[in-house]
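Here's the letter readout for the chains.
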Amino acid sequence: MSKKQRKNKQKPSQKPHNKSSFFETAGHYFKSKRVHFIIGLLIVVAVVYIGVAILSFFFTGAADQSIVGNKPLIDTLSQKGITNWAGVLGAYLADVIMNRWFGIPSVFMLFLLGSVGFKIMKLCRINLMRRFFLCSMATIWGSVLLAFALSPLKDKSFYYVGGLHGYQITEWLTNNIGFIGVLILLIAGLLLIMIFMSNRIVPWMQTRLSFENAKMLKIKDKPIAEETEYEDEHEEEEEYEDDQSEDENADYERYKQELKNKSSDNGSFKVEVATGDEDDVYDGSTLGAYDPRLDLSSYKFPEVNLLKKYDNADNQVDENELNENRNRIKKTLEDFGIPIVSIKATVGPSITLYEVVQETGIKVSKIKGLEDDIAQSLSALGIRIIAPMPGKGTIGIEVPNKNPKIVSMESVITSRKFAESKYELPIVLGRTITNEVFMFDLVKMPHLLVAGATGQGKSVGLNAIITSLLYKKHPAELKFVLVDPKMVEFNIYEDLEHHYLAKLPDMDKAIITDFSKVLDTLKSLCKEMDDRYALLMAAHVRNISEYNTKFINRHLNPEKGHKYLPYIVVIIDEFGDLIMTARKEIEMPIARIAQKARAVGIHMIIATQRPSVNIITGVIKANFPARIAFKVTSRIDSGTILDTTGANKLVGRGDLLFSQGSELTRVQCAFINTDEIENEVAFISQQLGYESAYPLPEPVPEGQDIGAGNVDLTDRDPFFVDAARMIVMSQQGSTSNIQRKFSIGYNRAGRLMDQLQAAGIVSENDGSKGRQVLIPDEYTLEKLLNKMQIS
């Protein structure tokens, strides 16, 4: 009886395992990149075959008509005398597509099918839904157009140019809405297709119609299309609301509310920039697309041979080590009463993952509690148990390899995944435990928190991040703000000042080491963020990508303050030293940037070797959802950085956990040494660069009051007279114009504007209407200056 009971117990446990393993295997099979590539390739081959058949149809279709015309496929397969290049099947398909369907415009659907194949093969990045609607509309519209235009030739050709469907639709439409109705419908259809094809059509039509209306009504004293300004503005806002993420919308709305809330007398933030209505009618497309790389058109990206290759031939994990670890894990678990069904090993560069399937009825928590016992039996540190594995019916046991491989920076930079990446700010960090290249887009994070004990690979990780961006982004597209309180980590990048670094105009060095300069730089970044938001609002866009696209296409007027905006990546090493020096002064601007700056292209990476709760506070953690944890000394530190244990179990030497949300990924960080960094910095710095580092705006001192009521006109700015004459001549009282004309900071330009207001040359700032120029001409201005005893 006992044997039968054992058999009865074993049968139900095996059945679900076999069933689950079958579906699991099938799922893995269809998720394979190789399978995706094969399926896409088969679709492309089918498209090529059908294309050959259709091409042949134009030459052989008349001869094959009597054999395949209006017959089912099964009746044609045995027929002889087919002359189509693609055989009987090709002749049949060509007849169906060209005669019975939509005629020549059916090639649009063939184009769609080919796009699907290339998309599955990951050879192109397209919006399939948009292409489906576009191709479908083009097919139907083209079919009706050809049938309508060439209806007299219907019976004179061996095939229907617009297809049988085209002729039937045309006949039905003509009977119901008449010849003129069909013509109007075709024109409307063409407009719809054009609107789907390009985002420029609607703004162009609105602009042209606005100008024509202005001419017809002979409007001279009013701005063009004054009545529709409000509607246009809000229609554009509604359009972008559909396209953007909720986070960016929230950032944008929060910023918009701050313009409303701050008074004009508050000197902490004033930005005067052209309104969107002026930019709507600007069109510089005749000049061609703007190229942000033009100033450094000869710039060459760092070469791969600057990075070192490592020979890992002696560091292979042999079969004996795998079998030995399998047996020890199995024996340890069975000693504690946990029978094992199977163990599968996946070898990584420094860690091997053993996936364990236990007998039915064994609690996962029971295995999780044996972490230290398994580590003892394997005589290994850094054992980590993942129970259960996300998306799998297994338990993962990560065991360090005896001879770990070095993951070189060269091996990940030269990987196909990195080379073909379309990320805005691609960062290749290293390789996972399955030996796959691990990458992420900093734009999507959008900020990063890095922690790890001394000597565990944190500095190498930061260098890997910087190197990734240097190998992908042109100096015109990316700027770094590097903060280095320890004064030794980032000095190696100092020679990149004229290519990739940003700094305050009055700073001697671009690498920020002095605490007071750190504070000024953070305030300056807040000012830069506000200025950029003002530009985005004026351009009626919600993020930097849309803004730069609009600027590149010459839809924004540079004379109104618009310019190409590079991404700014702020990297702060040893954040703990700063936060311990002045918590409030440092934490608040960082939190403000982290909350709002993603939409305007400013991203922060902060690193610390002390991930304690008094360093990484709740405010910081709430705004840095993406985290990288190298080995830390305690479970508490791991919980602080990752909200879970695990980082304390890492083996060091670049072994890290990457967290975004609730998902943890174990990665071996790519190694890059000082010589490699020096090589790439020398390669870049020896090339032609900009005249100076990217200038950050002057920070606004706290509590500064620059209201006109407190202005002393006896202490006038040296540019006072020149600024007064410029404003009177242009009749535009704009602070940003003064800033650009005289190449001065925004604070100084604001004080100069207050002096002009106190002198009675311009009015007070009236919100969105700007300042009114009170002096009508230069003669009146000269009289006023003479009266003030100013020459």
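Residues numbered from 1 in each chain as written. Predicted model: local features only at pLDDT ≥ 70, side-chain atom pairs only at ≥ 80, totals over all residues. Heavy atoms only, no water.

Asker: Give a detailed account of the overall build of the protein chain, specifying residues and quantitative values.
Answerer: Broken down by element type, the protein chain carries 28 helices and 15 strands. Counting the 791 residues in the protein chain, one finds 48% classified as buried. Approximately 40,500 Å² of the protein chain is accessible, and the part contributed by carbon and sulfur atoms is 55%. (Helix = DSSP H or I, 4+ residues; strand = E, 2+ residues; numbered from the N terminus. Buried < 20%, exposed > 50% of the residue type's maximum accessible area, 1.4 Å probe, protein only. Areas by Shrake-Rupley, 256 points an atom, 1.4 Å probe, with all protein chains shown as cover.)

Asker: Could you give an account of unusual backbone geometry, with specific residues and numbers?
Answerer: Of the consecutive residues Met445 and Pro446, the connecting peptide bond is found in the cis state with omega at 0 degrees. Its location among the elements puts Pro446 in the loop between β6 (437–441) and β7 (448–451). Located in the positive-phi region is Glu574, a residue other than glycine, with phi close to 50 degrees. Mapped onto the fold, Glu574 is located in the loop between β10 (567–572) and α20 (575–581). You will see that Arg653, though not glycine, has its phi angle at about 55 degrees, which is positive. Within the secondary structure, Arg653 sits in the loop between α23 (635–642) and β13 (655–660).

Asker: Could you give an account of the pattern of salt bridges, with specific residues and numbers?
Answerer: Inspection of every chain in the model, using the stated rule, returns 25 salt bridges. Between Lys649 and Glu371 there is a salt bridge, with the nearest N and O atoms lying 3.9 Å from each other. With Lys649 in the loop between α23 and β13 and Glu371 in helix α14 (residues 371–378), this pair connects stretches of sequence that are 278 residues apart. We note a salt bridge from Glu782 to Arg725, for which the minimum N-O separation is 3.1 Å. Taken together, the residues span a long stretch of sequence, with Glu782 in helix α28 (residues 778–787) and Arg725 in helix α25 (residues 720–730) at a distance of 57 residues. In this structure Glu782 comes out as partly exposed when scored by relative accessible area, which is 28%. (Salt bridge = Lys/Arg side-chain N within 4 Å of Asp/Glu carboxyl O.)

Asker: Hey, could you go over the confidence of the model for the protein chain for me, with residue numbers and the actual values?
Answerer: Scored by pLDDT, the protein chain has a mean of 80; 81% of the residues are at 70 or more. Contacts for the low-pLDDT stretch residues 214–245, under 50 throughout, to residues beyond four places or in other chains number 27 contacts. Contacts of residues 262–280 to residues separated by more than four positions or lying in other chains number 50 contacts, the stretch itself having pLDDT below 50. (pLDDT = per-residue confidence, 0-100. Contact = heavy atoms within 4.5 Å.)

Asker: Describe the sheet that holds strand β4 (residues 395–400), naming the residues involved and giving the relevant values.
Answerer: Spatially, four strands are ordered β1-β2-β4-β3 in an open sheet, and the strand pairing comes out antiparallel. The strands lining the two open edges of the sheet, one partner per strand, are β1 (340–347) and β3 (384–386). Across the sheet, the axes of successive neighbouring strands diverge by a mean angle of 20 degrees, strand direction being ignored. Sheet analysis places β3 next to β4, joined by three bridges and oriented antiparallel. Each residue of the ladder has a partner; that of Ile386, found in β4, is Gly396. (Pairing = 2+ DSSP bridges. Axes fitted to C-alpha atoms, helices over the stretch in contact; angles between N-to-C directions.)

Asker: Explain the pairing of strand β11 (residues 602–608) to me, and be specific about the residues and the numbers.
Answerer: Of all seven residues that make up β11, seven are buried, and the element is covered over most of its length. Neither face of β11 is open: one carries Ile602, Met604, Ile606 and Thr608, the other His603, Ile605 and Ala607, and all of them are buried. In terms of strand pairing, β7 meets β11 through four bridges, oriented parallel. Paired with Ala451 across the strands is Thr608, a residue of β11.

Asker: Tell me about the sheet that holds strand β14 (residues 663–669), residues and numbers included.
Answerer: In a beta sheet, neighbouring strands are held together by backbone hydrogen bonds and run either parallel or antiparallel to one another. The strand order across the open sheet built from nine strands is β6-β5-β14-β13-β12-β7-β11-β10-β8, with neighbouring strands paired in mixed fashion. Because the sheet does not close on itself, it has two edges, and the strands there are β6 and β8 (478–483). In this sheet, adjacent strand axes meet at a mean angle of 25 degrees when their direction is disregarded. With five bridges joining them, β10 and β11 adopt parallel strand pairing. Within β11, the residue paired with Val570 across the bridge is Met604. Running at roughly 130 degrees to strand β5 (residues 426–432), helix α17 (residues 458–470) makes contact with β5, β7, β8, β10, β11, β12 (626–630) and β14 of the sheet. Sheet strands in contact with α23 are β7, β12, β13 and β14, and its direction is about 155 degrees off that of β12.

Asker: Can you tell me about α17, naming the residues and giving the values?
Answerer: With 13 residues, α17 extends 19 Å between its outermost C-alpha atoms, agreeing within 8% with the 18 Å of an ideal straight helix rising 1.5 Å per residue. Of all 13 residues making up α17, eleven are buried, and the element is well covered by its neighbours. Residues of α17 that are buried include every one of Lys458, Gly461, Leu462, Asn463, Ala464, Ile465, Ile466, Thr467, Ser468, Leu469 and Leu470, and no others. (Expected span 1.5 Å × (residues − 1).)

Asker: Residue-level account of the packing of aromatic side chains, with values.
Answerer: Counting across every chain of the model gives 15 aromatic pairs. With 5.7 Å between their ring centres and 65 degrees between their planes, Phe132 and Phe133 make a pair best called edge-to-face. Given the relative accessible area of 37%, Phe132 is considered partly exposed. Accessibility expressed as a relative area gives 40% for Phe133, which makes it partly exposed. Taking 5.1 Å as the distance between ring centres and 65 degrees as the angle between the ring planes, the aromatic pair formed by Phe438 and Phe658 counts as edge-to-face. Placement of Phe438 in strand β6 and of Phe658 in strand β13 is noted, with a sequence separation of 220 residues between them. With a relative accessible area of 4%, Phe658 lands in the buried category. Chaining the aromatic ring pairs together yields one cluster made of Tyr299, Phe301, Phe480 and Tyr500. Taking NZ or CZ as reference, Lys472 lies 5.3 Å from the ring centre of Phe418, over its face. (Phe/Tyr/Trp six-rings, centres within 6.5 Å; stacked < 30°, edge-to-face > 60°. Lys NZ or Arg CZ within 6 Å of the ring centre and 35° of its normal.)

Asker: Got a sec to walk through the packing of helix α4 (residues 87–100) against helix α7 (residues 163–197)? Specific residues and values, please.
Answerer: Remark: α4 packs on α7, axes separated minimally by 4 Å, with the N-to-C direction vectors making an angle of 15 degrees. By the angle class used here, α4 and α7 are roughly parallel. Here α4 contributes Met98, Asn99 and Arg100 to the contact with α7, which in turn contributes Gly163, Leu164 and His165. The class makeup of the residues in the contact of α4 with α7 is two nonpolar, three polar and one charged. (Parallel < 35°, antiparallel > 145°, perpendicular 65-115°, else oblique. Nonpolar A, V, L, I, M, F, W, Y, C, P; charged D, E, K, R; others polar.)

Asker: Kindly report on helix α2 (residues 33–68), identifying the contributing residues and their values.
Answerer: Taking 1.5 Å of rise per residue, the 36 residues of α2 would be expected to cover 52 Å, yet its terminal C-alpha atoms sit only 40 Å apart, more than 12% below that figure. Along α2, the helix axis deviates most sharply at Thr60, where the bend reaches about 80 degrees. (Bend = angle between axes of the 7 residues up to and from the residue.)

Asker: Account for the packing of α25 against α28, naming residues and giving values.
Answerer: Where α25 contacts α28, the axes come no closer than 10 Å and their chain directions differ by 155 degrees. One element, α25, and the other, α28, form an angle in the roughly antiparallel class. Classified by chirality, the crossing of α28 by α25 is right-handed. For the pair α25 and α28, the contacting residues are Phe720, Val721, Ala724, Arg725, Val728 and Met729 in the first and Glu778, Leu781, Glu782 and Leu785 in the second. In the contact of α25 with α28, the residues fall into seven nonpolar, no polar and three charged. (Left-handed = near helix turned anticlockwise from the far one by under 90°.)

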